Amino acid sequence: MSWLSLIAVAVVTVVVLIVIGYALARIIGLRGFTAIAVAPAFTMTVIAIASVILPWVGVPWATPGVLVVAVVLGGVLAAARWATRRWRPAVEARPRPEFDAWLLVGLLLAAALLSARVIGAIQEPDRISQTYDNVFHLNAVRWVLDTGSASALDIGYMTNPAGPPSFYPSAWHGLVALVAQLTGATVPVAINGVVLAIAAVVTPLGLLLLTRTLFGRSPVLSIAVGLVTASVPLSLLLMDYGVLYPFQLGVALLPIALALTVRLLRLVPSTDDVGTLWWGIALLGLMPGMALVHPGGLMAWLALSVPMAVIFVVTQWRSHRSPRRRTILLVGSALYLVVGAAMVYLLRPPALARGWQPEINANDAVVRILTAHPWYPYAPVVIAAAVLAGVVAAVIRRDRAAVTTVGVYAVAAILYFVVAAVPFPFRDLFTAPWYNNVPRIAALLLVAVVPLAAFGLAESWRFLVRTRGGGRMTARAAQATAIAVAVAVAVLTQIGPLSAMPQAQRAASASFALTPDSPLLSTDEAALLARLDEHVPADAVIAGSPWTGTSVAYALTGRHVLMPHIQMVISDDLEAVNDDLRDATPGSPVCSSIADLGVQYVLDFGSREVHGATHVYPGLEDLKDSTAVRLVDSEGQARLYQVVGCER
């Protein structure tokens, strides 16, 4: 399969994420790069709302239904914008800002370097991540395409067909399904294309927006953000571990939410004509999308915005001495704390899912924070030095933007220290929303690293120009020097022992490798599935142990499987098939369950399981000696059987 097919899917994903959200951003008054950068978050809110509404009105999941929801939301926002025009700030007419070529260079730099890393990790356009979580993600996308529902209230039926309904955030799956419909791509290619778009475009856009919001427009800053974004294994980490596809998108939207929070709280000087009301509406508009992509992204915004809230409260307290204003401030602060505590409590996963233990000691955790390598073994020395330079520059400047940036980094560092080195029950109070899991909070730390490191690089460059140039450096000489420095930094942050990126790519590549011993789907098993539609009718159901990879037959071929996820709710009929199918004879009790579930075939992928454990399904084992099944096809040790034991 050509890589052009994957790139085409990624391009379509970017278009979907930008076009819908950009129109809404313009309606509420956002302009220029801000409107473009915020667009993906608004689009995900549209997708999230549409995913819940469309099933209620009987409209199948597809682009037209999503566009109708977008138009309705746009109409509501336009009416509200018109109704509140008298409360918008009056500003003097300003000349239209010039095209920022350096911003585009920074974005393209990050996109090119990150695309190369992601493509190198995936290895082939249709490879799948050979990980436990990916069984659900693959099949959930197929389930959305088959059922026409991407609702967070419906997707639980995939693992529990008899109900009751359960909540699972499904906006990411809805996005992938839309892209698959628009491009005709297979589920694996659609997923990989969406992942490429998120890693190479959405993430850099958000980090550029956050950094520019804090520190303003600057060619050096734009290039620095691009370099740093491409030098921290943020997206690769979430492709490697898990695999955490929805959380990857949630983390990509996080800088956008933080940037809007900075604007709403007026932590930086602004002459925009949007107004506090509409900055607040813009921020609220991101929340449904973030929540239904992954609640961990929403909780990350809550945590990393704490320094912004503190700076806002302190500033307002000093500026307004009237008892009334200070009372309002105290009441608002108390409400903020109560709501935040409630969200931490309500949005944490079940206790069994957040039982991860500390992985390193306190000293090692501090070293990893200071050297900016919270997960992979190699420390990105240049990035760590840039973070230190950013802290020093922030101490020198001491304005609200600089203090905010250091504060966000400090909160992320504290969370990382707690999750990596502090035992229960203390850590559960702070890091439960992220499963008390080190890699998830390591990703949050990397988000906080980027603006601080980019600020450090930009300030270091300005210092170098002032001290070495002595004011006599010509514009051409400064430009040539800047390009040389940027190339040197790019090389140092991408190759060799001074970079975390090669190790991150190798680790992610191992998750996508297709080999005879791959943990989820081996080469033999993949070859057998490639022929599955030649033997299995479209309405048949296939039994098999989900731990051995048989479940992904649903995502890859469209043929229904009895257990589309490892964590299935086991009904009586399902338990009967798992326990007794190999002993089925005409009239035996299991035949009733086989008929009720529509089971006609069995996939036997041996005993190798994705996590290296052992789970016994007596009715699905030793089938080569069973008269209840007939061998239909095989590839190496992978076998497809037809169920014949209940025939008379």
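What counts as what
- Residues numbered from 1 in each chain as written.
- Predicted model: local features only at pLDDT ≥ 70, side-chain atom pairs only at ≥ 80, totals over all residues.
- Heavy atoms only, no water.
- Pairing = 2+ DSSP bridges.
- Helix = DSSP H or I, 4+ residues; strand = E, 2+ residues; numbered from the N terminus.
- Disulfide = S-S within 2.5 Å.
- Buried < 20%, exposed > 50% of the residue type's maximum accessible area, 1.4 Å probe, protein only.
- Salt bridge = Lys/Arg side-chain N within 4 Å of Asp/Glu carboxyl O.
- Patch = residues over 30% accessible without salt bridge, like charges linked within 9 Å, V, L, I, M, F, W, Y side chains within 5 Å.
- Areas by Shrake-Rupley, 256 points an atom, 1.4 Å probe, with all protein chains shown as cover.
- Expected span 1.5 Å × (residues − 1).
- Polar contact = N/O pair within 3.5 Å; in protein donor to acceptor, adjacent residues only side chain to side chain.

Time to look at the sheet that holds strand β2 (residues 560-561). Here five strands make up an open sheet; going across it, the order is β2-β1-β3-β5-β4 and the pairing mixed. In this open sheet, the two strands that pair with only one neighbour each are β2 and β4 (629-635). Bridge analysis of β4 against strand β5 (residues 638-643) gives six bridges, and the strand direction is antiparallel. Across the sheet, the residue bridging to R630 is Q642, located in β5.

Moving on, we get to the state of the cysteines. This structure, assessed with the given rule, holds one disulfide. At a sulfur-sulfur separation of 2.0 Å, the disulfide partner of C591 is C646. Judged by the sign of its S-S torsion, about -95°, the bond between C591 and C646 is left-handed. With C591 in helix α25 (residues 589-597) and C646 in the segment after β5, the pair connects residues that are 55 residues apart, well separated along the chain. With relative accessibility at 25%, the residue C646 sits in the partly exposed group.

Taken as a whole and judged by the stated rule, the model has ten salt bridges. Two residues, D428 and R348, come together in a salt bridge whose shortest N-O distance is 4.0 Å. Taken together, the residues D428 in helix α18 (residues 426-431) and R348 in the loop between α14 (323-346) and α15 (362-370) connect sequence positions 80 residues apart. On the accessibility criterion, R348 (27% relative accessible area) is partly exposed. The partner of R462 in a salt bridge is E459, and the shortest N-O contact between them spans 2.5 Å. Of this pair, R462 and E459 both sit in helix α19 (residues 438-469), separated by three residues, roughly a single helical turn. The exposure class assigned to E459 is buried, which follows from its relative accessible area of 18%. Here the salt bridges share partners, and the residues they tie into one network are D100, R212 and R217.

Turning our eyes to something else, we now look at a nonpolar patch on the surface. On the surface, I53, W56, V57, V59, L153 and F167 cluster together into a nonpolar patch covering about 590 Å² of accessible area. Among the secondary structure elements, V57 is positioned in the loop between α2 (32-56) and α3 (63-83).

Okay, helix α4 (residues 101-122) next. For an α-helix, the turn length of 3.6 residues means that residues three or four places apart are oriented alike. Between the first and last C-alpha of α4 there are 31 Å, a value that for 22 residues agrees with the 32 Å anticipated at 1.5 Å per step. Among all positions in α4, only L103, G106, L107, A110, A111, L114, S115, R117, V118, A121 and I122 are buried. Sitting at the head of α4, D100 places a side-chain oxygen 3.2 Å from the backbone nitrogen of W102. Positive phi shows up at Q123, right after α4, with a value of about 80°.

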